[in-house]
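A look at the structure
This is what each chain is made of:
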Amino acid sequence: MVKFSKELEAQLIPEWKDAFVNYWQLKKHVKKIKISRKPKHVQDGNSALDFGRSIFDSIRSFTINFHKAADKPEVSQVKGIIKEGEDGSEQEEQEEMYETENELAQLFSEEDGVRIFFEMLDEELKKVNDFYKTKESEFLERGDILNKQLQILLDLKQVLSDRRRKIHGSRSGSGFFSRTNSLSGRNSDFSETASEYCDSPTGTETSQTEEVIAALEKNGINFVNSASTRAKTKKGKPKMAMRIDIPATTPTRTIAAVTSMLWEDLVNNPKKDGPREYINKKKIQCAEKMIRSAFVELYRGLGLLKTYSSLNMVAFVKILKKFDKVAKQQASANYLKQVKRSHFISSDKVVRLMDEVESLFTQHFANSDRKKAMKFLRPQQNKESHMVTFFVGLFTGCFVTLFSVYAILAHLSGMFSPRTEAGYVETVYPIFSMFALLSLHLFMYGCNLFLWKNTRINYNFIFEFQPRTALKYRDAFLIGTCLMTAVVGALVIHLILLSSGFSPSQVDAIPGILLLIFLALLICPLNIFYRPTRFYFLKVIRNIVCSPFYKVLMVDFFMADQLTSQIPLMRHLESSACYFLAGSLTNHGLPTCKSGRMYRELAYVISFAPYYWRAMQCARRWFDESDINHLANLGKYVSAMVAAGARLTYARQPDSQLWLAIVLVTSAIATVYQLYWDFVKDWGFFNLKSKNPLLRDELILKNKSIYYVSIALNLVLRVVWVETVMHFNVGLFESRLLDFSLASLEVIRRGHWNFYRLENEHLNNVGKFRAVKAVPLPFRETDSDC
């Protein structure tokens, strides 16, 4: 049977951990009471004289009463809260008293532990109630806002539908209103951004805008845009206006937002009636998707609050039962009654709001199909299959066996002898080392997932992954082992055919075929081999490449950071593509790739690209959030670009002392910049006022020495660039192996960095009690110049 303390730790909401009952501290105090009640033994020579039990054990009838009078001695109480009523007058809530009166406290001072225990219970009960009331009021307020947003959306759709019926007559059944209804019931992913429906208005739709707005203003809704001035009533008072506020999450919306901002700054419209907000079909679809996602997040938050209430109630019951067992009486029954009358148990507002959300969501977003609505309001996570574990072990064994076979065959055939070394290494090495680095990155990601899960870091919430389709750590291990088994198998086949007398031009096509197979599998539209994950990966890569036009999410800049550690992989991809393309067009593929000017210039582009993408993401985040720290982070990637360019130039001019000095200076500056950002910004370390020296106040791992070892390890792995200025006199194969080893160390450093980066992000969410995603809403009221 699992102990409740472990069950509570496994089920509690990580972001709200500090708001839960401190069951472990209460349990320790009960244990102290138990120890204080043990009989005392006194030894005299070889005999032990038992003086009997404590004098307090002779009296079993002390009781704990709860009164609501404030004049009782030795009473800890929680007073009611004065709130402001809706009419502006101050109204007092029903006063809640959590009182613990120890009637025997004056007679038995040794029983102070019992009094302290119930005072601790009072404090915990107050903490739970205060947090529950705060979150309940937040969700109730969010529910009211969503109801208003939904009503505006329904009014807007109805006006557009009526307008379309007048124009198309009998064809209104195929108009916009029916299409939006079918969109609402579509089996789509609600977590996707609303940007897919956010495009600029077309010329044919702008002609309908004025009539639509006029109809809406009859219902009290006045739509304006960012260039219009404040509308006023006849008495001269400002009129409440409503605008459709769609986030600039796509390139089209981003360019439109920047253009509108510049136009507003350059040409400020002084007219009273400025241009209106364009209302078109796609904006309404985008607004509908945003409201729908907000309802899903609200329902999830209400479910978490309901879980919070039930777990805390069980915790109070369990700890009071433990106290009764230690005190050998039923003294906590009255206290438990008071707990059951507390707000976090007695209030039914959360349950009623959940029912209301279910009803609204089913009616308006699921075509009155409750089963379909529950599929998205309560998504079921895929159960972990033992088959995944089996295949991970199977492919791991196959990989080890095939790699051993390859090493033996390479040694027997003399493939790495000076006679055949150059051609084999230059043609085969890039592709296979590229797959090896990719597999290593997947393995490190699987290790990260495993550690995040064990330390209760909610990575799905931080990355905004869907629990139904998010990769588990076993899945990441399966993909990595499957990939490496295929790669080493191809290596063995390539070596066997080459040793059997086949021409190199025919055999060297095997790495290219393997690369094409994996690329085809990556973009395969069939629902096989983790299609949601593959498509989501392509979507993130698209967002990164098109920076800064897409809104930057956590997963976007996290993935872009991974790419900065995979520059060798991208260089290998460049070499492979050049070799196969040049080999198919000319008879001198390898020399062309090694000495071609375009190939050499492209190396700079590939080395700069990941840092450039990451810098543009920092610029976009600064534009969206106006946080100067993002500009400082941008400077870090600019310094990395300069250092990478200097090292690449020095590698081509190894005898130049000037470039050696430039490499040392730029690399040192970039390294210090990166180390500072790693330790202070990304990991939150080096806090001089922290209770943990040079660390954070809050740590997830219990062993603090792990953090200090990680700091030293990250420092060492950050300075591996020193190898570029040290000319080791080794052969071609040894130099390639050294480059691969250094690239592998960088991948390992990045995987090591990932854990602490997400740990810091998780603790920030915990500190702010953020457990659900804040979805922006489309309709925003304003009474000022928009």
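Keep in mind that what you see is a predicted model, and the values were worked out from it rather than measured. (Residues numbered from 1 in each chain as written. Predicted model: local features only at pLDDT ≥ 70, side-chain atom pairs only at ≥ 80, totals over all residues. Heavy atoms only, no water.)

Considerations on the overall build of the protein chain
- Of regular secondary structure, the protein chain possesses 27 helices and 8 strands.
- Counting every position in the protein chain, which comprises 786 residues, the buried fraction comes to 45%.
- Looking at the protein chain alone, contacts between residues at least 24 apart form 76% of all its contacts between residues at least 6 apart.
- Put simply, the protein chain shows about 41,800 Å² of open surface, and 59% of that area lies on carbon and sulfur atoms. (Helix = DSSP H or I, 4+ residues; strand = E, 2+ residues; numbered from the N terminus. Buried < 20%, exposed > 50% of the residue type's maximum accessible area, 1.4 Å probe, protein only. Contact = heavy atoms within 4.5 Å. Areas by Shrake-Rupley, 256 points an atom, 1.4 Å probe, with all protein chains shown as cover.)

Thoughts on the confidence of the model for the protein chain
- Averaged over every residue, the pLDDT of the protein chain is 78; residues scoring 70 or more account for 73%.
- Predicted confidence for residues 41–110 stays below pLDDT 50, and this span has 106 contacts to residues more than four positions away or in other chains.
- Between residues 170–206, whose pLDDT stays under 50, and residues either more than four places distant or in other chains, the model counts 81 contacts. (pLDDT = per-residue confidence, 0-100.)

Here's the deal with unusual backbone geometry
- Residue Pro 548 is reached from Ser 547 by a cis peptide bond, and omega for that bond is 10 degrees.
- By the secondary structure assignment, Pro 548 is in the loop between α19 (531–545) and α20 (554–564).
- In this model, Ser 368 sits at a positive phi of 60 degrees, which is unusual for a non-glycine residue.
- Along the chain, Ser 368 turns up in the loop between α11 (349–365) and α12 (370–377).

Re the pattern of salt bridges
- In total, this model carries 19 salt bridges according to the counting rule given.
- Residue Lys 126 pairs with Asp 130 through a salt bridge whose shortest N-O separation is 2.8 Å. Of the two residues, Lys 126 and Asp 130 are both situated in helix α3 (residues 112–168); the distance of 4 residues between them amounts to about one turn of the helix.
- Of the residues examined, Lys 126 reaches a relative accessible area of 35% and is grouped as partly exposed.
- Overall, the relative accessible area of 27% leaves Asp 130 in the partly exposed class.
- One salt bridge connects Glu 288 with Lys 157, and the closest N-O pair in it is separated by 3.6 Å. Taken together, the residues Glu 288 in helix α8 (residues 281–327) and Lys 157 in helix α3 connect sequence positions 131 residues apart. There is no split in this pair, since Glu 288 and Lys 157 are both buried.
- Connected through salt bridges with shared partners, the residues Asp 678, Arg 718, Glu 746 and Arg 749 form a single ionic network. (Salt bridge = Lys/Arg side-chain N within 4 Å of Asp/Glu carboxyl O.)

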